Amino acid sequence: GLALFKGGDLKGAIQEFEPLLKQTPESSPDNLRLTILVGMAHYGLAEYSKAAPYLKSASERDPNNLSLLLALAHSYLWSEQFNNVMDVYHRILALNAESAEADMLAGEALDEMKDSDGAIKMFRAAAAANPKEPDVHFGLGYLFWTRKQYPEALVELQAEVGNNPNHAQSLVYLGDC
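Residues numbered from 1 in each chain as written. Predicted model: local features only at pLDDT ≥ 70, side-chain atom pairs only at ≥ 80, totals over all residues. Heavy atoms only, no water.

Engineer: Explanation requested: the overall build of the protein chain in the structure shown.
Structural biologist: The secondary structure content of the protein chain amounts to eleven helices and zero strands. Sequence-ordered secondary structure for the protein chain, helices as α and strands as β, is α-α-α-α-α-α-α-α-α-α-α. Taken against the 2.2 N^0.38 rule, which gives 16 Å for 177 residues, the C-alpha radius of gyration of the protein chain at 17 Å falls within 12% of a compact globule. A principal-axis box enclosing the C-alpha atoms of the protein chain has dimensions of 55 × 35 × 25 Å. Going through the 177 residues of the protein chain one by one, you find that 43% of them count as buried. Sequence-distant contacts, at least 24 apart, represent 41% of the contacts inside the protein chain between residues at least 6 apart. Only carbon and sulfur atoms are counted for the fraction: they give 53% of the accessible area of the protein chain, which is about 9,500 Å². (Helix = DSSP H or I, 4+ residues; strand = E, 2+ residues; numbered from the N terminus. Rg over C-alpha atoms; globule rule 2.2 N^0.38 Å. Buried < 20%, exposed > 50% of the residue type's maximum accessible area, 1.4 Å probe, protein only. Contact = heavy atoms within 4.5 Å. Areas by Shrake-Rupley, 256 points an atom, 1.4 Å probe, with all protein chains shown as cover.)

Engineer: Please explain the packing of helix α6 (residues 82–95) against helix α7 (residues 100–112) as it appears in this structure.
Structural biologist: Packed helices, taken two at a time, are described by their axes: the angle between them and the distance between them. Put simply, α6 and α7 touch, their axes get as near as 9 Å, and they point 155° apart. When the axes of α6 and α7 are compared, the pair comes out roughly antiparallel. Where α6 crosses over α7, the two elements pack in a sense that is left-handed. Counted together, Val85, Tyr89, Ile92 and Leu93 of α6 and Glu101, Ala102, Leu105 and Ala106 of α7 form the full contact between these two elements. Residue composition of the contact of α6 with α7, by class: seven nonpolar, no polar and one charged. (Axes fitted to C-alpha atoms, helices over the stretch in contact; angles between N-to-C directions. Parallel < 35°, antiparallel > 145°, perpendicular 65-115°, else oblique. Left-handed = near helix turned anticlockwise from the far one by under 90°. Nonpolar A, V, L, I, M, F, W, Y, C, P; charged D, E, K, R; others polar.)

Engineer: I'm lost on the side chain of His167 in this one. Help?
Structural biologist: Note on placement: His167 falls in the loop between α10 (150–163) and α11 (168–176). For His167, a relative accessible area of 8% corresponds to the buried category. The contacts of His167, once residues within four sequence positions are left out, are Asp135, Phe138 and Glu160.

Engineer: Even after reading the chapter, I still don't get the packing of helix α3 (residues 29–44) against helix α5 (residues 66–78), so can you show me in this structure?
Structural biologist: In contact at an axis separation of 11 Å, α3 and α5 are set at 40° when each is read in the N-to-C sense. Relative to α5, α3 is oriented oblique. Crossing hand, α3 versus α5: left-handed. Residues Ile36, Met40 and Tyr43 of α3 lie in contact with α5, whose contacting residues are Leu68, Ala71, His74, Ser75 and Trp78. Looking at the contact of α3 with α5 residue by residue, the classes come out as six nonpolar, two polar and no charged.

Engineer: Where do I start with the environment of Met113 in this structure?
Structural biologist: Looking at the element boundaries, Met113 is found in the loop between α7 and α8 (116–129). Considering only alpha carbons, one finds Met113 and Met40, 73 residues apart in sequence, at a separation of 26 Å.

Written out as structure tokens, the structure reads:
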């Protein structure tokens, strides 16, 4: 299952992991790992409503994992479970009110609500909180790109590529800028 997951065959990984998950006692550390892997496999397949229950379960057992909470929040956001997004947002704030993850989540929610000024403000706060946070500069660059503010987008997309030289989306939008 792990080889399939790492190789990008997420459906195959789910088929291997789910039976193991059912057989593994919930108190076992293996259960938590399998729960995360199944949730992230659904997430990687853009099956966000299927990913959410697994990621919720995992986040309840690993409540300080901000990356896991952000994936859960995205699953709720992209499956339009907006009340649940706000619950996770508050959990993230309770862990770290200054976290880049909380600001990014708020920015994404504001973008979904068509408040691009508010979204940009939140992504700027996220970049200030942690300039190395994955996708923070891409998110900000993308927002500038959608507003045709190409010089600003260029700076942010270059910063994302500086953090991750293989960030494909940033490279595509950089080419467009």
